[in-house]
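Listed here are the chains, written in short residue letters.
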Amino acid sequence: MDPFTVDEETEGEDEDYVPVERSTRVSQNGAVTSDQAISVDGSSDEMLAHRVTEEGFREEGGERRRVEGGEVSSSSNGGETKEGSGGWGEDQIDGMCCPICMEAWTSGGEHQLCDCSCLPCGHIYGISCIKRWFQQCGKSSGQCPQCKRKCTLRSVRTLYASRVVAVDEDLQKKIRSLEAKCASLERKNADWCMKEADWHEREADLHLQVQHLTEDKTSLRILADEVPLATLYYSKELQVDGARYFDIDAFGEILVIARRLSGMGGTHMLTKMSLIHPHEMEDILLPSGTKAVKDLCVSPANSRLALLASLGKKLSVLSMESNNVVLTYDLPTAAWSCSWDLNCSHYMYAGLQNGMLMVFDMRQTARPMAEITGPTGNPIHTIYSVLHNSTLPSGVRTLLSASSVGLCQWNFGGSDERPFLVPETENHGVCISLAYCPSSDDIVSTFRPKVEMSNESPVSQYSPTPSVMGQGMQGSHILLKRVGGSCYQKLGSSYANVNDVRLPRSAIVDLQSHDPLFVSGDEITHELVLKELPSLRVAQCIKSQKHPLRDVKYSHDLSSHLLCCLSEDTLQFFSAKFS
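What counts and how
- Residues numbered from 1 in each chain as written.
- Predicted model: local features only at pLDDT ≥ 70, side-chain atom pairs only at ≥ 80, totals over all residues.
- Heavy atoms only, no water.
- Buried < 20%, exposed > 50% of the residue type's maximum accessible area, 1.4 Å probe, protein only.
- Helix = DSSP H or I, 4+ residues; strand = E, 2+ residues; numbered from the N terminus.
- Pairing = 2+ DSSP bridges.
- Polar contact = N/O pair within 3.5 Å; in protein donor to acceptor, adjacent residues only side chain to side chain.
- Contact = heavy atoms within 4.5 Å.
- Axes fitted to C-alpha atoms, helices over the stretch in contact; angles between N-to-C directions.
- Core = buried A, V, L, I, M, F, W, Y, C linked by side-chain atoms within 4.5 Å.
- Salt bridge = Lys/Arg side-chain N within 4 Å of Asp/Glu carboxyl O.
- Phe/Tyr/Trp six-rings, centres within 6.5 Å; stacked < 30°, edge-to-face > 60°.
- Lys NZ or Arg CZ within 6 Å of the ring centre and 35° of its normal.

J.: How would you summarise the pairing of strand 36 (residues 551-556) if you had to cite specific residues and measurements?
T.: By the criterion of burial, strand 36 is predominantly enclosed, with five of the six residues buried. Pairing analysis gives six bridges linking strand 36 to strand 37 (residues 561-567), with the strands arranged antiparallel. Paired with valine 552 across the strands is cysteine 565, a residue of strand 37.

J.: Give me the side chain of glutamine 409: which residues, what numbers.
T.: Here glutamine 409 is to be found in strand 26 (residues 406-412). Judged by its relative accessible area of 0%, glutamine 409 falls in the buried class. Within polar-contact distance, the side chain of glutamine 409 engages the side chain of asparagine 411 at 3.3 Å. In contact with glutamine 409, other than residues within four places in its own chain, are Thr398, Leu399, Leu400, Pro419, Phe420, Gly485, Ser486 and Tyr488.

J.: So, unusual backbone geometry: which residues are in play, and what are the values?
T.: Excluding glycine, most residues fall at negative phi; most peptide bonds, likewise, are trans. Of the consecutive residues histidine 277 and proline 278, the connecting peptide bond is found in the cis state with omega at 15°. Here proline 278 shows up in the loop between strand 14 (268-274) and strand 15 (281-285). Note the cis peptide between leucine 533 and proline 534, where omega equals 15°. Considering the arrangement of structural elements, one finds proline 534 in the loop between strand 34 (527-532) and strand 35 (537-543). We note that lysine 148 has phi near 65°; this positive angle belongs to a residue other than glycine. In this fold, lysine 148 is placed in the loop between strand 8 (141-143) and strand 9 (150-152). Owing to a relative accessible area of 17%, lysine 148 belongs among the buried residues under this scheme. In this structure, lysine 313 takes a positive phi of about 60° despite not being glycine. Looking at the secondary structure, you find lysine 313 in the loop between strand 17 (305-310) and strand 18 (314-319).

J.: I'd love a proper account of the sheet that holds strand 16 (residues 293-298), names of residues and values included.
T.: Strand pairing in a sheet is mediated by backbone hydrogen bonds. Such pairs are either parallel or antiparallel. As summarised here, the arrangement of the four strands in space is 16-17-18-19, forming an open sheet in which the pairing is antiparallel. With partners counted over all chains shown, the strands left at the sheet margins are strand 16 and strand 19 (324-330), one partner each. Each strand of the sheet is rotated relative to its neighbour by a mean of 20°, with strand direction disregarded. Of the strand pairs in this sheet, strand 18 and strand 19 are connected by six bridges, and their pairing is antiparallel. Paired with leucine 315 across the two strands is tyrosine 329, which belongs to strand 19.

J.: Lay out the environment of isoleucine 478 with the relevant residues and their values.
T.: By the element assignment, isoleucine 478 lies in strand 30 (residues 472-482). Sequence separation of isoleucine 478 and leucine 434 is 44 residues, and the distance between their C-alpha atoms is 9.7 Å. In this view, isoleucine 478 contacts His428, Ile443, Val444, Ser445, Phe447, Lys490, Gly492 and Ser493; residues no more than four positions away in its chain are not counted.

J.: Describe the nonpolar core, with residues and values.
T.: Judged by nonpolar contacts, the single largest core of 18 residues is most densely connected at Leu315 and Phe360. Within the residue set of this core, elements represented by two or more residues are strand 17, strand 18, strand 19, strand 20 (335-340), strand 21 (347-352) and strand 22 (357-361). Not counting residues within four places of it along the chain, the set of residues in contact with phenylalanine 360 comprises Leu315, Tyr329, Leu331, His346, Tyr347, Met348, Ala350, Pro368 and Met369.

J.: For the pattern of salt bridges, give the residues involved together with the corresponding values.
T.: Within this structure, the stated rule accounts for 12 salt bridges. For arginine 550, the salt bridge goes to glutamate 568, with nearest N and O atoms at 3.5 Å. Here arginine 550 is found in the loop between strand 35 and strand 36, whereas its partner glutamate 568 is found in the loop between strand 37 and strand 38 (570-578), with 18 residues between them in sequence. The class of glutamate 568 is partly exposed, set by a relative accessible area of 29%.

J.: Kindly report on the packing of aromatic side chains, identifying the contributing residues and their values.
T.: Within the structure shown, the criterion is met by five aromatic pairs. Measuring from centroid to centroid gives 6.0 Å for tyrosine 234 and phenylalanine 574, while their planes differ by 70°, and the two rings are edge-to-face. Taken together, the positions of tyrosine 234 in strand 11 (residues 230-239) and phenylalanine 574 in strand 38 put the pair 340 residues apart, joining distant regions of the chain. Between tyrosine 349 and phenylalanine 412, the aromatic rings sit 5.6 Å apart at their centres with planes inclined by 25°, giving stacked as the arrangement. One end of the pair, tyrosine 349, is in strand 21; the other, phenylalanine 412, is in strand 26, with 63 residues separating them in the sequence. An identical accessibility class is assigned to tyrosine 349 and phenylalanine 412; each is buried. Between the NZ or CZ atom of lysine 195 and the centre of the ring of tryptophan 192, over which it lies, the distance is 4.7 Å. Residue placement shows lysine 236 over the ring face of phenylalanine 573; its charged tip is 5.6 Å from the ring centre.

Quick look at the structure:
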């Protein structure tokens, strides 16, 4: 039998169940208030053992309790409610506390859970609280403090539950979702920690590799400074009066030299010189009207032919076997440069004083194949035929020229034959020399400062203008490399002492298994300067003659490497030796 069963009979039939609507709110002092309070049969003074104040509070000991819609909230003398102190709302504490005294449930003792489970309402209270409630009613039967449903002590049932809490499914879903996210973040954090450890390890390895490479670089630099890879040694020199330009016929082992003899009229002629001791020489008279030879180029196709560009508006082909001019083309103006085509031995090129370029085919002697106007009207002082690049269409021939404004590329045999200036050589000054190595596509152009003119009078150049014309001044060497059909990459630059008037020649020495060397003359010290490519670091300086360098050529075969330098009337020969 239940502990609080009484003998009184149940009063009459139960009234119909009518739920009481409550509008719950929180007052300023933190207590939960309601629009309706509990109402029971008879006066409240008779039903309740404790006094209920006019404000709706019931005093008990040192606490005041407020009755709201059948529920009782309590506050201490300090005025702080349990709800207000914890910040919980009614929805949060529902199911965790007794609705009468607002104290937590217990699984035993005077505040053990009980409910009116036999009634339809099913409300839950502490067993001591509901007992006092019925005792205060003064009857054996009363009403549910919340819904006013009739009930008796006989209907009270004890619940043996450790805790009664209403589970919020939405909150449970959020909790599960947050737990899943936390687990995912923990896994990601673990992965990132592993990656970070791996990155730190790789970083340490890279630092170690950089340290080793730096040490190796230092060692190699020391070795390079101590022992040059290639050294030029003086071999011999020969006197050639009036020499201006020359070229080497490696297959015939001869030099072809353009000369201007001293005396009245200054006769212009060619001289063949053997490279084999005793260096026999043979003069070749040029046709009248040829005038001074501005450029001389021996055919690379072992055809024993030489190409001459002259100020007499002539482009001539000389047979070095018969010592006769076998073919002559008339030009619209003086020729400053010439070149054979490296891809087809029949084609020849002439750079003119007015900036035009003319293309010739030896198989067609009547007229030129093409006459192309250049981007500027400046004389073309150097021409090089460029080896065919795989990025260009088949049949397209490329030419590289130099004028005072810089380098220019020409394409023939394709859809677009318009020449264009190489952007990497602009705004460096006046271009006075060009050297090209076909095997490596290395290009070195030499510049001197540009003379800036004002409205009133000439202004000094970038460096002080020499008091005597023909002396040296500071200029620069620009190293380029062809990286495509029409693209160039600037690899470096260096200062140089250049001539302020003349157009000296320079060359690139292809050492095959070694880095190439750039050869030029120092116009102030009159030294022959060799610079390593691509660093442009000075590798060797050779004391030359009293006069500046005029022309330089390099040739090699299977057995030797020969460098020839022309300075006024003296030809010097150097041989390359490798360490």
